[in-house]
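Chains, contacts and geometry: an overview
The residues making up each chain are set out below.
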Amino acid sequence: MTKSSKAVVVLSGGQDSTTCLYWAMDRFGSERVTTLTFDYGQRHRIEIDCARKIAEFAGVNNTVLPINTFAALGGDALTDTKISVGSDPGNASGLPNTFVPGRNIIFLTFAAAFAYQRGIEHLVTGVAETDYSGYPDCREGTMAALQKTLQAGMESKLRIHTPLMHLSKQKTVELARELKSLEAMALTHTCYNGARPPCGECPACVLRAKGFFEAGIADPLVN
Ligand code: ZN
């Protein structure tokens, strides 16, 4: 890593990507960090507003990239208005209905193209294997294969960083505290039901609450 290395953080407006933003600012210097948010037709538009506010609060740029095609594929609870979270037991392979097939692969491929155009060598994403949902596109093996593909396909030295890959939610909250990003957590959005204040009952809210509880830290979003 050279001193002038630049990084782009995929910022969803959630707790994990916000922690990653502060990780990147700490590692690369905030003046060399920018953020990218995908408008992928998510039902909860609040996520995009949250990402904008978080970037502004952190003093970094934010670009919203429209890639509104997932809803046309249909069948997942995050983009399909006919399905509600938890209303079905998941698909044939046992994945929850919040799984949007290929989402992270597509996000990171667009992020790599965005980075390439701007001479940015580092991509930072908040994916984690320890996430309860077990999304296969969040796993380390997927990320390693994708990095290889992007390096080959773009003839670049692009690196994908996944600082949360092996952290529990508790450890992620502790990292957020270490990085002094707790204040920004008040601006994040986690709830699968799109509620603000959060519903406290959906799987995403429950997981978030558990992480803060186990870390012994009050969640600034609800306190
Ligand atoms: Zn919720």
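Presented here is a report on the structure given in the accompanying data block. Treat the numbers as computed from the prediction; the structure is a model and nothing was measured.

1. Side note on the overall build of the protein chain
When helices and strands are tallied, the protein chain shows 8 helices and 5 strands. Counting from the amino terminus, the protein chain carries its helices and strands in the arrangement β-α-β-α-β-α-α-β-α-β-α-α-α. Within the protein chain, the fraction of its 223 residues that count as buried is 49%. When contacts within the protein chain are restricted to residue pairs at least 6 apart in sequence, those whose partners lie at least 24 apart make up 71%. Just so you have it, the protein chain exposes about 10,800 Å², and 52% of that area is on carbon and sulfur atoms.

2. So, the coordination of the zinc ion
For the zinc ion, the full set of protein donor atoms is Cys 191 (SG), Cys 199 (SG), Cys 202 (SG) and Cys 205 (SG), and the range of their distances to it is 2.3 to 2.4 Å. One can describe the site at the zinc ion as tetrahedral: its 4 donor atoms subtend angles covering 103 to 117 degrees at the metal.

3. Describing the environment of Gly 216
When you line up the elements, Gly 216 lands in the segment after helix H8 (203–215). Here Gly 216 falls in the exposed class, since its relative accessible area comes to 67%.

4. Some points on helix H2 (residues 46–58)
With 13 residues, H2 should cover 18 Å at 1.5 Å per step; its first-to-last C-alpha distance of 18 Å lies within 8% of that length. By the burial criterion, the buried members of H2 are Glu 47, Ile 48, Cys 50, Ala 51, Ile 54, Ala 55 and Ala 58. Down the axis of H2, the buried set is contained in an arc of 160 degrees. They therefore lie on one face. In H2, the exposed positions angled more than 90 degrees off the buried face are occupied by Lys 53 and Glu 56. With its phi angle positive at about 80 degrees, Gly 59 sits one or two positions after the end of H2.

5. Quick word on the sheet that holds strand E2 (residues 33–39)
Judged by pairing direction, the sheet is parallel, and its 5 strands sit side by side in the order E3-E2-E1-E4-E5 without closing on themselves. Here the strands that pair on one side only, and so sit at the sheet edges, are strand E3 (61–66) and strand E5 (159–161). Along the sheet, successive strands turn relative to each other by an average axial angle of 25 degrees, direction set aside. Taken together, the 6 bridges between E2 and E3 define a ladder with parallel strand orientation.

6. Digging into the packing of helix H1 (residues 15–28) against helix H6 (residues 169–178)
Between H1 and H6, whose axes approach to 10 Å, the crossing angle comes to 40 degrees. Put simply, H1 runs oblique to H6. H6 is crossed by H1, and the crossing has left-handed handedness. Residues Gln 15, Asp 16 and Thr 19 of H1 touch H6, and the partners they reach there are Lys 169, Thr 172, Val 173, Leu 175 and Ala 176. In terms of residue class, the contact of H1 with H6 is made up of 3 nonpolar, 3 polar and 2 charged.

7. Focus on the nonpolar core
Within the largest apolar cluster, 32 residues are counted, with the highest numbers of intra-cluster contacts made by Val 8, Phe 38 and Leu 123. Elements represented by at least two residues in this core include exactly strand E1 (7–10), E2, helix H4 (103–117), helix H5 (140–154) and H8. Ranked by residues supplied to this core, first place goes to H4 with 6 residues. In this structure, Leu 123 is in contact with Val 8, Leu 108, Ala 111, Ala 112, Leu 158, Arg 159, Ile 160 and His 161, ignoring residues within four places of it in sequence. Listed in part, the 23 residues of the second largest apolar core include Val 9, Val 33, Val 124 and Leu 179.

8. A look at the packing of H1 against H2
Two elements in contact, H1 and H2, have axes whose closest approach is 11 Å; the angle formed by their N-to-C orientations is 25 degrees. Compared by their axis directions, H1 and H2 come out roughly parallel. Here H1 and H2 pass one another in a crossing that is right-handed. Between H1 and H2, the contacting residues are Thr 18, Leu 21, Tyr 22 and Met 25 on the first element and Ile 54, Phe 57 and Ala 58 on the second. Classifying every residue of the contact of H1 with H2 by side-chain character gives 6 nonpolar, 1 polar and no charged.

Criteria and thresholds
- Residues numbered from 1 in each chain as written.
- Predicted model: local features only at pLDDT ≥ 70, side-chain atom pairs only at ≥ 80, totals over all residues.
- Heavy atoms only, no water.
- Helix = DSSP H or I, 4+ residues; strand = E, 2+ residues; numbered from the N terminus.
- Buried < 20%, exposed > 50% of the residue type's maximum accessible area, 1.4 Å probe, protein only.
- Contact = heavy atoms within 4.5 Å.
- Areas by Shrake-Rupley, 256 points an atom, 1.4 Å probe, with all protein chains shown as cover.
- Donors = N, O, S within 2.8 Å, 3.2 Å for Na, K, Ca; no water.
- Tetrahedral: all angles 85-135°; square planar, octahedral: opposite > 155°, others 65-115°.
- Expected span 1.5 Å × (residues − 1).
- Arc of directions from axis to C-beta.
- Pairing = 2+ DSSP bridges.
- Axes fitted to C-alpha atoms, helices over the stretch in contact; angles between N-to-C directions.
- Parallel < 35°, antiparallel > 145°, perpendicular 65-115°, else oblique.
- Left-handed = near helix turned anticlockwise from the far one by under 90°.
- Nonpolar A, V, L, I, M, F, W, Y, C, P; charged D, E, K, R; others polar.
- Core = buried A, V, L, I, M, F, W, Y, C linked by side-chain atoms within 4.5 Å.

Coordinates in, geometry out; function isn't part of it.
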